[in-house]
Amino acid sequence: ALLSLPVHAGRPLATDDAAIVEAGACQLELWNERGRSERALWANPGCNPFGRTEFAFGAARARDDDAGSATIAAWQVKHLLRPFDAQTAGFALALRNERDRRVHAGPPPLRGDTELKGIATWPLAGESLLLHANLGAVRQRETSEAPARRTRAAWAAALDREVMPDTRLSLETYGTGSERARWQLGLRHEVRPGFQLDVAFGAQGGRFGDTRQMNFGLVVVTPVLR
């Protein structure tokens, strides 16, 4: 979400977009995820202090009916190579790390799963219809279920359409390695500049009953702070 532009990708999309907050501005993303047996409450602040690079640091309190509760910590650095507009595609790179203490635990301390991805956004019908695509790799750290470190491909694609002023609808699919892809339908509305509400619903292909998930969130973007 950008203060000076229409709402683009971000929450609630899992697919990233080739955009960052304005230079000197920050944003706070808050959302609640609810699945059949899992729940998580996330807070993810991020800032763009230099102009082309956005830094985000997030944390969640997650609870699983089987594994109990735990803290998830994540950070991401996203560098904008070229912004997109109504006629021109945009490109970015992102490096992300996420550590879930339910699986990344034990001596020596593990650093979590690290993902490097390329991001592209194409205008298909001006900015009223956008295509976002991500392609990269995830380095998964040692866990009790996967004792050896491994690198797996990660991908995502999303159609992002304006359905009415300040309201956008998204449909996306994403996956990692040979696992079944997930899909998600999302809706977000900019209540006023710098304040967005969103909702999303999705599941893993062929496993709707036990993988369905819904989440609700909001995004607050600050004015330029300098």
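> Hey, could you run me through the state of the cysteines in this one?
As used in these notes, a disulfide is a covalent bond between sulfur atoms, one from each of two cysteines. The final tally for this structure, using the stated rule, is one disulfide. Here Cys 26 pairs with Cys 47 through a disulfide, and the sulfurs are 1.9 Å apart. Disulfide Cys 26 to Cys 47: torsion about the S-S bond roughly 105°, handedness right-handed. Here Cys 47 lies in strand β2 (residues 38-47) and Cys 26 lies in strand β1 (residues 26-35), a separation of 21 residues in the sequence. Overall, Cys 26 belongs to the buried group, its relative accessible area being 15%. The exposure class of Cys 47 is partly exposed, given its relative accessible area of 30%.

> Looking at this model, I keep getting lost on the side chain of Asn 97. Mind explaining?
Of note, Asn 97 is situated in strand β5 (residues 90-100). A distance of 2.8 Å separates polar atoms of two side chains, one belonging to Asn 97 and the other to Thr 114. Beyond its immediate chain neighbours, meaning those up to four positions away, Asn 97 contacts Ala 73, Ala 74, Trp 75, Arg 111, Gly 112, Asp 113 and Thr 114.

> Help me out: how do you make sense of the environment of Glu 54 in this one?
In this structure, Glu 54 sits in strand β3 (residues 53-64). Classification of Glu 54 by relative accessible area gives buried; the value is 9%. The spatial distance from the C-alpha of Glu 54 to the C-alpha of Ile 20 is 6.3 Å, given a sequence separation of 34 residues. Leaving out residues up to four positions away in the same chain, Glu 54 has contacts with Ile 20, Val 21, Cys 47, Asn 48, Gln 76, Val 77 and Lys 78. A distance of 3.0 Å separates a polar atom in the side chain of Glu 54 from the backbone nitrogen of Val 21.

> Teacher, can you tell me more about the nonpolar core here?
In summary, soluble globular proteins display a tendency toward joint burial of nonpolar side chains. If you look at the biggest cluster of nonpolar residues, it comprises nine residues: Ala 18, Ala 19, Ile 20, Leu 80, Phe 84, Ala 92, Ala 94, Ile 119 and Leu 130. Ranked by size, the runner-up nonpolar core spans seven residues in total, among them Trp 31, Ala 40, Ala 62 and Ile 72.

> What's the story with the pattern of salt bridges in this structure? I'm lost.
Pairing between side chains becomes possible if they bear opposite charge and their charged atoms approach one another. Under the counting rule described, the total for this entry stands at nine salt bridges. In this structure, Arg 188 and Asp 160 form a salt bridge, with 2.7 Å as the shortest nitrogen-oxygen distance. With Arg 188 in strand β10 (residues 182-192) and Asp 160 in strand β8 (residues 150-164), this residue pair connects regions lying 28 residues apart in the sequence. Judged by relative accessible area, Asp 160 falls into the buried class, the value being 0%. Here the salt bridges share partners, and the residues they tie into one network are Asp 16, Asp 17, Lys 78 and Lys 117.

> I'm lost on the pairing of strand β11 (residues 195-204) in this one. Help?
Here β10 runs beside β11; their pairing, made up of 10 bridges, is antiparallel. Each residue of the ladder has a partner; that of Arg 192, found in β11, is Phe 195. Here β10 folds back onto β11, and the loop between the two strands holds two residues, one of which, Gly 194, carries a positive phi near 90°. Of the strand pairs in this sheet, β11 and strand β12 (residues 213-221) are connected by eight bridges, and their pairing is antiparallel. Residue Val 199 lies in a different strand from β12, and its bridge partner there is Phe 216.

> Whenever I open this one, the confidence of the model for the chain confuses me. Can you help?
Per-residue confidence for the chain averages 88 on the pLDDT scale, and 89% of its residues sit at or above 70. This stretch, residues 1-8, has a pLDDT under 50; its non-local contacts, to residues over four places away or in other chains, come to 26 contacts.

> Sorry if this is basic, but what is going on with the packing of aromatic side chains here?
Aromatic ring pairs: the centre-centre distance and the angle between the two ring planes describe each pair. All chains considered together, the criterion is met by five aromatic pairs. Members of the aromatic cluster, connected to one another through ring pairs, are Trp 183, Phe 201 and Phe 208.

> I keep staring at the pairing of strand β6 (residues 113-123) and nothing clicks. Help me out?
Successive residues of a regular strand alternate their side chains across the two faces of the sheet. Examined bridge by bridge, β5 and β6 share nine bridges and lie antiparallel to one another. The residue of β6 that forms the bridge with Arg 96 is Glu 115. Pairing of β6 with strand β7 (residues 129-140) involves 10 bridges; the strand directions are antiparallel. In the strand pairing of β7, Trp 122 is matched with Leu 131. If you look at the hairpin formed by β6 and β7, you'll find five residues sitting between the two strands, and Gly 126 has a positive phi there, around 60°.

About the thresholds
- Residues numbered from 1 in each chain as written.
- Predicted model: local features only at pLDDT ≥ 70, side-chain atom pairs only at ≥ 80, totals over all residues.
- Heavy atoms only, no water.
- Disulfide = S-S within 2.5 Å.
- Helix = DSSP H or I, 4+ residues; strand = E, 2+ residues; numbered from the N terminus.
- Buried < 20%, exposed > 50% of the residue type's maximum accessible area, 1.4 Å probe, protein only.
- Polar contact = N/O pair within 3.5 Å; in protein donor to acceptor, adjacent residues only side chain to side chain.
- Contact = heavy atoms within 4.5 Å.
- Core = buried A, V, L, I, M, F, W, Y, C linked by side-chain atoms within 4.5 Å.
- Salt bridge = Lys/Arg side-chain N within 4 Å of Asp/Glu carboxyl O.
- Pairing = 2+ DSSP bridges.
- pLDDT = per-residue confidence, 0-100.
- Phe/Tyr/Trp six-rings, centres within 6.5 Å; stacked < 30°, edge-to-face > 60°.

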